[in-house]
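# Structural overview for review
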Amino acid sequence: MSASPTAGVQAPAREPRVPRGEVVARAGRKPPRRLTRRGPLAWAAGMLLLCMIIPALLVQRQHTPVTDETVAVREPKPAPSPPLQEAVPREPLVRVYLAGDQAIEKVTLEQYVRGVVAAEMPSEFEMEALKAQAIAARTFIVRRMADQDTTGVPVKGADVTDTVTHQAYLPIKTLKLNENRKKLARLSQAVSETRGIVMTYKGSPIEASFFSTSNGYTENSEDVWSNKIPYLRSVSSPWDKAIAPHYTDTVRMTLDQFMRRLRVSLPSLPASASVARKQQAYANAVEPRVLSKTEGHRIKLIRIGGKNYTGKEVREKLGLRSSEFTWKIRDGNIEITTYGYGHGVGMSQWGANGMAKEGASVEEILRHYYTGISLEQSAEFLPQE
């Protein structure tokens with residue numbers, strides 16, 4: 001058997017394996033951090049530890065007390081300032097002497113106006129008529145207070161009474177009664193929708209007189225009072241006759257009562273005179289005779305029992321509703337029929353309601369009954385509190 005060609009030849013010696021890190025070092029580079037292999041159990045333990053540490057850190061953060069050293073304190077932002085508003089002046093106060101209670105009720109101007117409208121005009125009237133009444137009532141008291149007029153007030157400390165001497169007025173306690181709730185709502189509307197408005201003539205509040213029912217016309221002021229007022233002129237008022245429930249009224253009395261009230265001297269008759277003769281003598285003695293009439297178609301001057309009277313005098317002495325009247329004498333009695341109700345100067349309340357029913361506005365109503373007036377605010381004439 002022959003031998004292999006390499007047999008007997010010694011192999012060259014192999015250099016020992018050098019770790020990779022040493023080879024890199026020899027090349028002049030910094031060796032990287034040596035990685036250590038971990039098993040699956042080590043990774044699981046690490047994840048578990050991480051899951052335990054993170055919640056603990058969060059809890060610690062939440063419960064760490066906040067101090068000036070740890071967190072800067074934030075000052076709250078100031079609230080925005082409200083827009084500047086002008087101060088609203090308070091209403092003037094009206095001091096009303098309640099004659100029945102003998103006490104003074106202090107109310108605002110608009111509360112007073114509401115109380116007057118409640119007392120002076122039926123709340124069922126048309127709204128424009130109620131507004132006209134509110135403005136007339138407000139004008140009356142504003143004029144009076146602006147002039148510091150306290151005539152007719154029986155006590156000190158009051159501006160006006162609640163009687164027809166000035167203006168009828170219902171106090172607040174009466175208006176608050178249950179039966180007046182519906183009335184109160186309409187009255188409040190009429191007052192609020194005319195708030196502060198007054199009638200003026202040449203820059204001053206007017207004498208805003210009014211009355212219930214005309215005879216078809218209003219009166220000139222000088223035919224009822226002593227002075228002529230330019231805005232209180234006679235105008236037609238045809239609406240009253242159609243809608244006023246007491247446009248006419250009849251009163252009856254004996255001729256003896258009639259003559260005594262007028263202070264007419266009874267004719268001298270013998271004691272033996274019969275009743276029929278006495279009645280005829282009285283009738284002849286007192287038979288009225290109209291001497292003149294006013295522009296408003298009321299009696300201006302009348303002669304009764306040999307004496308002259310104004311229509312106003314007869315109305316007041318006999319307690320009649322109007323100074324326009326007719327009469328009938330029979331069987332020792334006299335029947336007197338009147339037309340309209342009130343003095344007749346200014347605004348007719350039933351006439352205003354008639355105008356409103358036909359669609360007239362509050363301004364149209366007022367300008368009809370008060371000649372040449374303007375409308376202004378009460379603040380121009382009364383100091384605001």
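Keep in mind it's a predicted model, so treat the numbers as computed, not measured.

Summing up its helical and strand segments, the chain has twelve helices and 14 strands in all. Classification of the 385 residues of the chain by burial places 37% in the buried group. For the chain, the share of sequence-separated contacts (at least 6 apart) that also reach a separation of at least 24 residues comes to 65%. Summing over all exposed atoms, the chain offers an accessible surface of approximately 24500 Å²; the carbon and sulfur share of this is 52%.

Looking now at the environment of Val142. Of note, Val142 is situated in helix H4 (residues 127-146). Note on Val142: relative accessible area 0%, which makes it buried. Between the C-alpha atoms of Val142 and Phe381, which are 239 residues apart in sequence, the distance is 7.3 Å. Apart from residues lying up to four places away in sequence, Val142 is in contact with Leu109, Val198, Pro205, Ser378, Phe381 and Leu382.

With that settled, consider the packing of helix H8 (residues 255-262) against helix H10 (residues 311-318). Two quantities define a packed helix pair, namely the angle between the axes and the distance from one axis to the other. The contact between H8 and H10 brings their axes to 9 Å, and the two run at 120°. By crossing handedness, the relation of H8 to H10 is classed as right-handed. Between H8, through Phe258, Arg261 and Leu262, and H10, the contact on the second element is made entirely by Val314, Lys317 and Leu318. When the residues that make up the contact of H8 with H10 are grouped by side-chain class, the tally is four nonpolar, no polar and two charged.

Glancing now at helix H12 (residues 362-369). Listed in full, the buried residues belonging to H12 are Val362, Ile365, Leu366 and Tyr369. All buried residues of H12 fall inside an arc of 95° around its axis, so they share one side. Considering only its buried residues, H12 is in contact with H4, strand S4 (197-201), helix H7 (239-243), strand S13 (347-348), helix H11 (349-357) and strand S14 (374-377).

Our next topic: the nonpolar core. Residues Tyr112, Met199, Met347, Ile365 and Tyr370 are the most contacted members of the largest nonpolar core, which totals 57 residues. Those elements giving two or more residues to this core turn out to be strand S1 (93-98), helix H3 (109-120), H4, helix H5 (172-175), helix H6 (181-192), S4, H11 and H12. Here this core gets ten residues from one element, more than from any other, and that element is H4. Setting aside residues up to four positions removed in sequence, Tyr370 forms contacts with Ala136, Met199, Ile206, Ala208, Ser209, Phe210, Tyr231, Leu232, Gly346 and Met347. Counting residues in hydrophobic clusters, the runner-up holds 19 residues, among them Met253, Val286, Val314 and Ile334.

So, on to the confidence of the model for the chain. Averaged over every residue, the pLDDT of the chain is 83; residues scoring 70 or more account for 76%. This model gives residues 61-76 a pLDDT under 50, and the stretch forms three contacts once residues within four places in sequence are excluded. Confidence drops under pLDDT 50 across residues 81-88; counting only partners more than four residues distant or on other chains, this segment forms zero contacts.

Turning next to the sheet that holds strand S10 (residues 307-310). Taken together, three strands build an open sheet; the order of strands is S8-S9-S10 and the sheet is antiparallel. The open sheet has two edge strands with one neighbour each: strand S8 (289-293) and S10. Direction aside, the axes of adjacent strands within the sheet are offset by 20° on average. Pairing geometry for S8 and strand S9 (residues 299-304), over four bridges, is antiparallel. Paired with Lys293 across the bridge in S9 is Ile299. Where H10 meets the sheet, it contacts S9 and S10, and its direction lies at approximately 85° from that of S10.

Cut-offs and rules
Residues numbered from 1 in each chain as written. Predicted model: local features only at pLDDT ≥ 70, side-chain atom pairs only at ≥ 80, totals over all residues. Heavy atoms only, no water. Helix = DSSP H or I, 4+ residues; strand = E, 2+ residues; numbered from the N terminus. Buried < 20%, exposed > 50% of the residue type's maximum accessible area, 1.4 Å probe, protein only. Contact = heavy atoms within 4.5 Å. Areas by Shrake-Rupley, 256 points an atom, 1.4 Å probe, with all protein chains shown as cover. Axes fitted to C-alpha atoms, helices over the stretch in contact; angles between N-to-C directions. Left-handed = near helix turned anticlockwise from the far one by under 90°. Nonpolar A, V, L, I, M, F, W, Y, C, P; charged D, E, K, R; others polar. Arc of directions from axis to C-beta. Core = buried A, V, L, I, M, F, W, Y, C linked by side-chain atoms within 4.5 Å. pLDDT = per-residue confidence, 0-100. Pairing = 2+ DSSP bridges.

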